[in-house]
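# Summary of structural features
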Amino acid sequence: MESENRRFCHFCALPLEKKFVEGRVRLYCSRCLKPIYENPVPAACVVLVDNHKRLLLVKRRVAPKQGMWCLPGGFVECDETPERAAIRELREETGLSGRINTLIGITASPGTLYRSILLIGYLVTCFSGSAVAGDDASDVNFFEYDNFPDIAFESHLSFIRNYYSTLIP
């Protein structure tokens, strides 16, 4: 995990120690007199549905969960909002342009590359273009509610369930 790889302060490069600070054991720099906070890495995804209430999924071309289906999405860059990241990832992975309708939810889950990922899910029903796999997707397809493949991430599945159980017009 990420914290196991951190050994030096990213401010002054002094070796870090573990110290009880602010109610828990944290990595700490005795030169800077600061704890090293480990925060979730933000990511955004899109629940995109067409006029027939079919859900758009992408097949992962890369690890983790290579070959499994998931929602279009990815990490938020420093110079963008989560909404822009979601729309950028939609375009990169599917070739579609879209407009966000509403926030579906926010969840945190453990990651393989990062200790924790804070995932923000958005609903998109207004979109244009032709769906074509791109970036880190090997396939893209629309699925009926009763015919989903296995979904790679539990957090994505929770956003899908939330849409079909509470947000369907």
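Shown above is the structure to which this text applies.
Residues numbered from 1 in each chain as written. Predicted model: local features only at pLDDT ≥ 70, side-chain atom pairs only at ≥ 80, totals over all residues. Heavy atoms only, no water.

### Structural notes on the pairing of strand 4 (residues 41-48)
Burial of strand 4 is extensive: seven of the eight residues sit out of reach of the surface. Sheet topology note: the strand 4/strand 7 (residues 73-75) ladder contains three bridges and is antiparallel. Counted as the bridge partner of Ala-44 is Gly-74 from strand 7. (Buried < 20%, exposed > 50% of the residue type's maximum accessible area, 1.4 Å probe, protein only. Helix = DSSP H or I, 4+ residues; strand = E, 2+ residues; numbered from the N terminus. Pairing = 2+ DSSP bridges.)

### Things to note about a nonpolar patch on the surface
Together, Leu-103, Ile-106 and Leu-118 make up an exposed nonpolar region whose accessible area comes to about 250 Å². Tracing the backbone shows Ile-106 in strand 8 (residues 97-110). Taking relative accessible area as the criterion, Ile-106 reaches 53% and is therefore assigned exposed. (Patch = residues over 30% accessible without salt bridge, like charges linked within 9 Å, V, L, I, M, F, W, Y side chains within 5 Å. Areas by Shrake-Rupley, 256 points an atom, 1.4 Å probe, with all protein chains shown as cover. Salt bridge = Lys/Arg side-chain N within 4 Å of Asp/Glu carboxyl O.)

### Let's talk about the packing of aromatic side chains
Summed over all chains, the structure comprises seven aromatic pairs. Arranged with centres 5.3 Å apart and planes meeting at 80 degrees, the rings of Phe-75 and Tyr-114 form a pair that is edge-to-face. In this pair, Phe-75 sits in strand 7 while Tyr-114 sits in the loop between strand 8 and strand 9 (116-128), placing the two residues 39 residues apart along the sequence. Assessed through its relative accessible area of 33%, Phe-75 is described here as partly exposed. Here the aromatic rings of Tyr-145 and Tyr-164 are separated by 4.4 Å at their centres, their planes lie at 40 degrees, and the arrangement is tilted. (Phe/Tyr/Trp six-rings, centres within 6.5 Å; stacked < 30°, edge-to-face > 60°.)

### Some remarks on the pattern of salt bridges
Going through the model one piece at a time under the given rule, you end up with eight salt bridges. Note that Glu-22 is salt-bridged to Arg-26, the shortest N-O span being 3.9 Å. Taking the shortest distance from any N to any O, the salt bridge between Glu-92 and Arg-88 comes out at 3.3 Å. Highlighted residues: Glu-92 and Arg-88, both in helix 2 (residues 82-94), separated by four residues, approximately one helical turn. A relative accessible area of 33% places Glu-92 in the partly exposed class.

### Things to note about the sheet that holds strand 6 (residues 69-70)
The antiparallel open sheet is built from three strands, whose spatial order is 6-5-10. Edge positions in the sheet fall to strand 6 and strand 10 (137-143), since each has one partner strand and no second. Bridging between strand 5 (residues 55-60) and strand 10 involves six bridges; their strand directions are antiparallel. Residue pairing in the sheet places Val-58 in a bridge with Val-140 of strand 10. This element, helix 2, spans strand 5 and strand 10 of the sheet and lies at about 65 degrees to strand 5. (Contact = heavy atoms within 4.5 Å. Axes fitted to C-alpha atoms, helices over the stretch in contact; angles between N-to-C directions.)

### Focus on the environment of Leu-123
Within the element layout of this structure, Leu-123 appears in strand 9. Sequence-wise, Leu-123 and Ala-44 are 79 residues apart; in three dimensions their C-alpha atoms are separated by 11 Å. Filtering out sequence-adjacent residues up to four positions away, Leu-123 remains in contact with Val-47, Val-49, Arg-99, Ile-100, Asn-101, Thr-102, Ile-104 and Tyr-163.

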